[in-house]
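So you can see what is in the structure, the chains are spelled out below.
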Amino acid sequence: SCAGMFTANSMNCLSEVLGLALPYNGTIPAVFADRIRLAKETGIKIMELVKKDLRPSQILTRKAFENAVAMDMAFGGSTNTSLHLPAIAREAGMKLSLRTFNEISKKTPHLCNLSPAGPHHVQDLHRAGGIPALMKELSRKGLIHQDGLTVTGKSVRENIKGKKTLNPEVIRSLENPYHPTGGLAVLFGNLAPQGAVVKQSAVDETMLKHRGPARVFDSE
């Protein structure tokens, strides 16, 4: 995939957050030998999961989805995550509403300014510690549920234990965010009664408030 935090990389990172993919699956560049090693490790892990009878339904809990939304807000993921995460949740037998995205966005700061919104790229996030380091930062203030099970066979808490941010500009601290709220926001009103998703972290500040005529499109 390309190196921006577009749909493919956003969902790859969130698969890791959900507990369905091994650590660093979301950020290892394709050209790294680490990617080949991870592929082999994944094959071995799949066989272990079959033997243990550990299933996605045991991993995809409500808390796992809340973690995914929180991380989405922290790294400023694609607006398409608001389509894919609810779809996965539905398959897991639960509803993940757009209002949940808003609730979590309000309390989760935006810590990574990645392309196309900012100057950094996914490989920079990887070198800064990847998804585990970002999860560790959010966990400092209880913004991540840590007791959930993952495909490693361990809990989130065990997976992120000892992880550190290696570049505080790529993964900012909770005390020094790029924005105090998450990368996405959902707008509700007479123009969009069921909600409209905007990547607020990538929008010019002058666009955050608008008075005047609105042009509404019902498709891309």
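Data block above holds the structure.
Report on the accompanying structure. (Residues numbered from 1 in each chain as written. Predicted model: local features only at pLDDT ≥ 70, side-chain atom pairs only at ≥ 80, totals over all residues. Heavy atoms only, no water.)

So, about the overall build of the chain. Broken down by element type, the chain carries nine helices and two strands. For a compact globule of 220 residues, the expected C-alpha radius of gyration is about 17 Å, and the chain comes in at 17 Å, within 12% of that figure. Counting only C-alpha atoms, the chain reaches 60 × 40 × 30 Å along its principal axes. Relative to its full complement of 220 residues, the chain shows a buried share of 44%. Counting contacts in the chain only where the partners sit at least 6 residues apart, residues at least 24 apart contribute 71% of the total. Carbon and sulfur atoms make up 54% of the accessible area of the chain, which totals about 12,300 Å². Here the chain carries 28 positive and 19 negative side-chain charges, and the mean point of each set is 3 Å from the other. (Helix = DSSP H or I, 4+ residues; strand = E, 2+ residues; numbered from the N terminus. Rg over C-alpha atoms; globule rule 2.2 N^0.38 Å. Buried < 20%, exposed > 50% of the residue type's maximum accessible area, 1.4 Å probe, protein only. Contact = heavy atoms within 4.5 Å. Areas by Shrake-Rupley, 256 points an atom, 1.4 Å probe, with all protein chains shown as cover. Lys, Arg positive; Asp, Glu negative; His and termini not counted. Charge placed at Lys NZ, Arg CZ, Asp CG, Glu CD.)

Quick look at the nonpolar core now. Note on soluble globular proteins: their nonpolar side chains tend to be buried together. M71, F75 and L85 are the most contacted members of the largest nonpolar core, which has 41 residues in total. Counting only elements with at least two residues in this core, the list comes to α1 (7-18), α4 (62-75), α5 (81-91), α6 (98-107), α7 (122-127), α8 (130-139) and α9 (156-160). The dominant element in this core, judged by the number of residues it contributes, is α4, at nine residues. The residues touching F75, leaving out its near neighbours within four places in the chain, are M5, S10, C13, L14, H110, C112, L114, I131 and L134. L22, I28, L38 and I59 belong to the second-largest nonpolar core, a separate cluster that totals seven residues. (Core = buried A, V, L, I, M, F, W, Y, C linked by side-chain atoms within 4.5 Å.)

Let's shift gears to the pattern of salt bridges. Pairing is possible between side chains that carry opposite charge, provided their charged atoms lie close to one another. According to the stated counting rule, one finds 10 salt bridges in the structure shown. When the shortest N-O distance is used, the salt bridge between R140 and E137 registers 2.6 Å. Where R140 meets E175, a salt bridge forms, and the shortest distance between an N and an O atom there is 2.8 Å. One end of the pair, R140, is in the loop between α8 and α9; the other, E175, is in the loop between α9 and β1 (185-189), with 35 residues separating them in the sequence. (Salt bridge = Lys/Arg side-chain N within 4 Å of Asp/Glu carboxyl O.)

For the rest of this paragraph, the subject is unusual backbone geometry. The residue after S115, namely P116, is reached through a cis peptide bond having omega 15°. Structurally, the position occupied by P116 is in the loop between α6 and α7. Even without glycine at this site, Y24 takes up a positive phi of about 75°. Mapped onto the elements, Y24 comes out in the loop between α1 and α2 (33-52). A relative accessible area of 23% means that Y24 is categorised as partly exposed. Despite not being glycine, D53 has its phi angle at roughly 60°, a positive value. Here D53 shows up in the loop between α2 and α3 (56-59).

Right, let's get into the packing of α1 against α5. Two elements in contact, α1 and α5, have axes whose closest approach is 10 Å; the angle formed by their N-to-C orientations is 35°. Between α1 and α5 the crossing geometry is right-handed. Here T7, S10, M11, L14 and L18 of α1 lie close against α5, whose contacting residues are T81, H84, L85 and I88. A breakdown of the residues in the contact of α1 with α5 according to their chemical character gives five nonpolar, four polar and no charged. (Axes fitted to C-alpha atoms, helices over the stretch in contact; angles between N-to-C directions. Left-handed = near helix turned anticlockwise from the far one by under 90°. Nonpolar A, V, L, I, M, F, W, Y, C, P; charged D, E, K, R; others polar.)

Together, I46, M47 and V50 make up an exposed nonpolar region whose accessible area comes to about 310 Å². By the element assignment, V50 lies in helix α2. (Patch = residues over 30% accessible without salt bridge, like charges linked within 9 Å, V, L, I, M, F, W, Y side chains within 5 Å.)

Before going further, it helps to examine the environment of T7. Note on placement: T7 falls in helix α1. As a C-alpha pair, T7 and P116 span 109 residues in sequence and 11 Å in three-dimensional space. Filtering out sequence-adjacent residues up to four positions away, T7 remains in contact with S78, N80 and H84.

Once that is clear, we can look at the environment of K45. Inspection of the secondary structure puts K45 in helix α2. Using a relative accessible area of 16% as the deciding quantity, one classes K45 as buried. When the C-alpha positions of K45 and I171 are compared, they lie 29 Å apart, and in sequence the two are 126 residues distant.

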